[in-house]
Every structure is written in structure tokens, then in C-alpha cells.
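Chains, contacts and geometry: an overview
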Amino acid sequence: MMTFNKLRMVVTAVLFCGLFTKAMAQAGRRYAEPVFEEVNVESDIPFSSVIEEGETSPITLYLDFYEPQGDTLSARPLVITVFGGAFVAGGRDYVDMVEYCTRLAQHGYAAASIDYRLLSIWNLNATSLVRDAYMAAQDVSSAIRFFKCHCEEYRIDPEQVFLLGNSAGSIAILCEMFMDESERPAETYESPDLGSMHSSGYEEYAGFSPAVAGAVPHWGGVLGLDVISTEEYVPLCMIHGTDDTTVPYDSGYCYNGLLPGVMPFMYGSHAMVSRLDELGVTDYEFHPFEGDGHAFYLVPVLYTLIEEKFDACFSITRDFLYNHLKSMALLPEMEETIIQVYPNPSNTLMTIRFGEVSNDRVFSTVVTDMMGRSMFSKNQTSLPFTMDVSHWPSGVYVIRLEQGGRSFVRKFLNR
């Protein structure tokens, strides 16, 4: 007869095996396939306070945060989505942004859909459009820095933040990534001066880096090709319909079908590809959809998804993101036993122990602060090892260990 203690041991073993099997299954498919059924959404999170064009009182910008239900991974890649709507309409609850965020969370990502400043349609002209595109880019920068500041709270890997945009949202993210102070359009200096690209938002995250790991602009463009340089470049995955006349596939005036020659002149995805080829950049993807127009996965006016078209765009996006992930540590339930950092918090000596490291192969250790600045970098063949952190400023640091194609990320607090 089985005793109570033996029965308890059997039940515990079964439960552990179940969790281990689930973790192993997720490890093999996470980010490549949906491995979570349910998604948690936290809505109306304030991330910036700004003044809209033509107004004097500030408004609050909000975001909705999506994450896999039951996920325990401590440092997840984040995708920030930015809706379209000609800078005069739209919202973070638009059907395509909701669908993207939901599906990405089911694949194991954290995702967010954000607000940005919009224009009154009655004030829409070439100058106001350029100004608002710049303000939207400032708001994208604020969202990036918000999450890097609060990466512990939202369990975000600050080195793996990606952007995804639709139309106006794509213009905003491209502007945020590539435009520096010397490239600001003259319109942005008109009264009131809009300030530098990364100057908006709350003071608490003012010092955090706005850099991202990559972007997926859907039917986007830039005001000038010279803003794209090798120094500022991050991997792009461009999706564009070849018959787009709203944001030109190659180059031309925006909204040329409705307002020929009235709106700003822009360079679309095809022209951007030519620029990248000219610079010798090879780390990009370009997906032209032959014969399709603007925002071709949406039914006009009704703003519902054309499932086949959206599925095609999502598959492209999913594969691009997966191929550009830096960390593939996919056993969240066992992460604490694989890599140990102690004492944590620390203010003198910190030890790193990696339970599965193979001492016959070189592994790399890189430690960065939350603004992406390198604090320690070394290739070595033995663990555990100890670092003196007593001279480091107080704050949160990211530790990345890599060996044999595997990468593990941990964080520690230095007091």
C-alpha cells in the first residue's frame, strides 16, 4: 500500500514533469509559433504628457500593454506598435494594432499599442503634416524610453525593443530612428519650436536610450533619403503595395490621388531600398505586394481586416522578428537554476554562476546599464567568476551570457 508521503512524492513528480514538458515545448516554439492561449491586457497606462499642435494645455498619452498569460520569463522582447490614420485619425485600439499585439503576445512577446499626437483635419496642410509627423516621432521615442525605464516592472529586455507601424505610424517610427538634430525639417523650428527628437516625455526616463533593435514599417516613407545612414541604421523589414498613392511606393507627393501636389513629397519603401543598396547595407527585408494599394490588409471605411492579407503581413513580421532576436533563452520556469547572480542586490562583489556552461568552449559575458552603455565585456572559459561593482553607479544592469548559440539574460541591482 502506498503511503501518504510516497503518494505526495508521486504527485509532485508528475506536476514537475508537466511543467518541465510545457517549458520544453515552449522552448522549441516560442516566438516562432503561438505557445500561449491567453493574453493579459493592461489598458490606459500613461507614458507621456505633451502639447498638441495649436493648443496650450498638455494632454496625457496612454498605451495598452499586452503580455502572455502565465509567462515567467524575466526579460522579454518588446514590440511597440504605432497605428495609422494620416496623422488626423486612429487610435491604439485600431483593429490591426490589437490583432498584432494579441498575436505577438501569444507567440511570447510583450507588446504595446501607443497613442501619439494627432492633428485636427481642418488644420491639415503640408507644413502641419510635417510638424505632426515629427511630434509623433517624439511620442514614439517617449514610449521606448518609458519601457526602458520600467523594464523591471514590465519584464522587458531593453536591448530587444522593436517598432511596428502602419502608414502614419510607419512614418513616425522611421523619423524617430533615423532623423538627428541636424536633419530636422525647417517646419519643426517654426513657432513654437518643437525641440529635439528625444526631448519630450516625463523627466524620470529622460536619460534612457531611444535606440531599438529593428523595425517593421508597413507602407511607410521618409521626407529625405539622406536621413538614412550606416551610423544610425537598424534592421528594417519593409512592406508596401506597389500601387500605393497615399504614401508612395517609390517617391512622390503623399495623398497624390486625392490632393495632387499639395501634401509633402516623400520617399517610400522602394526608394529606401535603393538608398540602402547604395550604402552597402544588406541587413534588410523588402516585401512588395504587387498591385496592392495603401493599407491593403484593411477594408476601406469599415476598417476591418482582410484576413488573408493580414496573415501574410503577420507571417513576414513574425519571421523577421524571430531572425533578429538576440536572446533565445526559452526555458523561463528553469531560468533561475541555469544562471545565478548573487548577491542581488549588490554593492561590492557580484558572482555569476552558469549551471549548464561547458568549460571546453569559450563563452562571452557582457554587462550593460539601462541606457545600453557597456560596463563589462569579456570572453572566458570558466564559471563562476566574480566582478567588482563597488565603483559602478547605483541602478539596474543587464547581464548577457552567450555560448554555442545560446543566450541567457539576467538583471541585477547595484546599490
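Values in this document were obtained by computation on a predicted structure and should not be read as measured data.

In terms of helices and strands, the chain carries eight helices and 18 strands. The buried share among the 415 residues of the chain stands at 50%. Accessible surface, the chain: about 18100 Å² in total, of which carbon and sulfur atoms supply 54%.

Note on helix geometry: an α-helix contains 3.6 residues per turn, so any two residues three or four positions apart are oriented the same way. The end-to-end C-alpha distance of helix α3 (residues 126-149) is 35 Å, a good match for the 34 Å that 24 residues give at a rise of 1.5 Å each. One side-chain oxygen of the residue at the start of α3 lies 3.0 Å from the amide nitrogen of Thr127, identifying that residue as Asn125.

Moving on: the side chain of Ser200. Structurally, the position occupied by Ser200 is in the loop between α5 (168-178) and β6 (214-218). On the basis of relative accessible area, Ser200 is assigned to the buried category, the value being 12%. Within the local environment of Ser200, its side chain forms a polar contact with the side chain of Ser142, the two groups lying 3.0 Å apart.

Before going further, it helps to spend a moment on the sheet that holds strand β2 (residues 59-68). The strands making up a sheet are joined through hydrogen bonds of the backbone, oriented either antiparallel or parallel. Pairing in this open sheet of eight strands is mixed, and the strands run β1-β2-β4-β3-β5-β6-β8-β11 from one edge to the other. For this open sheet the edge positions go to β1 (39-50) and β11 (284-289), each flanked by a neighbour on one side alone. Between one strand axis and the next, the sheet turns through 15° on average, direction left out of account. The sheet strands contacting α5 are β3 (76-82), β5 (156-166), β6 and β8 (236-241), and the helix crosses β5 at an angle near 135°.

What follows concerns the confidence of the model for the chain. Caution is warranted with low-pLDDT regions, since their predicted coordinates should not be read in detail. Across the chain, the average pLDDT comes to 85, with 84% of residues at or above 70. Confidence drops under a pLDDT of 50 for residues 7-26, and excluding neighbours within four residues, the segment shows 12 contacts in the predicted structure. Segment residues 328-337 is flagged for pLDDT under 50; beyond a separation of four residues in sequence, or across chains, it makes 29 contacts in the model.

Of all 10 residues that make up β2, seven are buried, and the element is covered over most of its length. Pairing geometry for β1 and β2, over nine bridges, is antiparallel. Bridge assignment links Ser48 to a residue of β2, and that residue is Leu61. Here four bridges tie β2 to strand β4 (residues 110-114), and the two strands are oriented antiparallel to one another. Within the sheet, the bridge partner assigned to Phe65 lies in β4 and is Ala112.

Before going further, it helps to examine the sheet that holds strand β9 (residues 251-253). If you walk across this open sheet you meet the three strands as β7-β10-β9, and the pairing is antiparallel. The open sheet is flanked by β7 (221-222) and β9, the only strands paired with a single partner.

Attention now goes to unusual backbone geometry. The omega torsion across Ser191 and Pro192 is -5°, close enough to zero to call that bond cis. With respect to the helices and strands, Pro192 occurs in the loop between α5 and β6. The phi dihedral of Asp44 falls on the positive side, at around 60°, and the residue is not glycine. Position of Asp44 relative to the elements: it lies in strand β1.

Turning next to the packing of aromatic side chains. As enumerated under the stated definition, the model contains 24 aromatic pairs in all. Considering the side-chain rings of Phe265 and Tyr267, the 5.4 Å spacing of their centres and the 70° angle between planes classify their relative orientation as edge-to-face. The exposure class assigned to Tyr267 is partly exposed, which follows from its relative accessible area of 25%. Ring geometry for Trp392 against Tyr397: centres 5.1 Å apart, planes inclined by 45°, an arrangement best described as tilted. You can call Trp392 buried: its relative accessible area is 9%. Using a relative accessible area of 3% as the deciding quantity, one classes Tyr397 as buried. Grouped by ring-pair contacts, the aromatic residues Tyr100, Trp219, Phe289, Phe296, Tyr297, Phe310 and Phe314 constitute a single cluster.

Here we come to the environment of Gln69. Examined against the element boundaries, Gln69 turns out to sit in the loop between β2 and β3. Classification of Gln69 as partly exposed rests on a relative accessible area of 41%. If we ignore the near neighbours within four places in the chain, the residues touching Gln69 are Phe36, Glu38, Val39 and Asn40. Reaching out from Gln69, the side chain makes a polar contact with the side chain of Asn40 at a distance of 2.9 Å.

The next point concerns the packing of α3 against α5. Running from N to C, α3 and α5 cross one another at 70°; their axes reach a closest spacing of 8 Å. Classed by the angle they form, the pair α3 and α5 counts as roughly perpendicular. Counted together, Ala133, Tyr134, Ala136, Ala137, Val140, Ser141 and Ile144 of α3 and Ile171, Ala172, Ile173, Cys175 and Glu176 of α5 form the full contact between these two elements. A per-class count over the contact of α3 with α5 returns 10 nonpolar, one polar and one charged.

Let's shift gears to the pairing of β5. Across the 11 residues of β5, 10 count as buried, placing the element largely inside the fold. In this sheet, β5 lies alongside β3 in parallel orientation, the contact comprising six bridges. What sits directly across from Leu78, in β5, is Val161. Across five bridges, the pairing between β5 and β6 is parallel. Counterpart to Asn166 in the pairing with β6 is His218. You can see the chain leave β5, run along α5 and come back into β6, and the turn it takes is right-handed.

Analysis parameters
- Residues numbered from 1 in each chain as written.
- Predicted model: local features only at pLDDT ≥ 70, side-chain atom pairs only at ≥ 80, totals over all residues.
- Heavy atoms only, no water.
- Helix = DSSP H or I, 4+ residues; strand = E, 2+ residues; numbered from the N terminus.
- Buried < 20%, exposed > 50% of the residue type's maximum accessible area, 1.4 Å probe, protein only.
- Areas by Shrake-Rupley, 256 points an atom, 1.4 Å probe, with all protein chains shown as cover.
- Expected span 1.5 Å × (residues − 1).
- Polar contact = N/O pair within 3.5 Å; in protein donor to acceptor, adjacent residues only side chain to side chain.
- Pairing = 2+ DSSP bridges.
- Axes fitted to C-alpha atoms, helices over the stretch in contact; angles between N-to-C directions.
- Contact = heavy atoms within 4.5 Å.
- pLDDT = per-residue confidence, 0-100.
- Phe/Tyr/Trp six-rings, centres within 6.5 Å; stacked < 30°, edge-to-face > 60°.
- Parallel < 35°, antiparallel > 145°, perpendicular 65-115°, else oblique.
- Nonpolar A, V, L, I, M, F, W, Y, C, P; charged D, E, K, R; others polar.
- Right-handed = clockwise from strand over helix to strand, strands pointing away.

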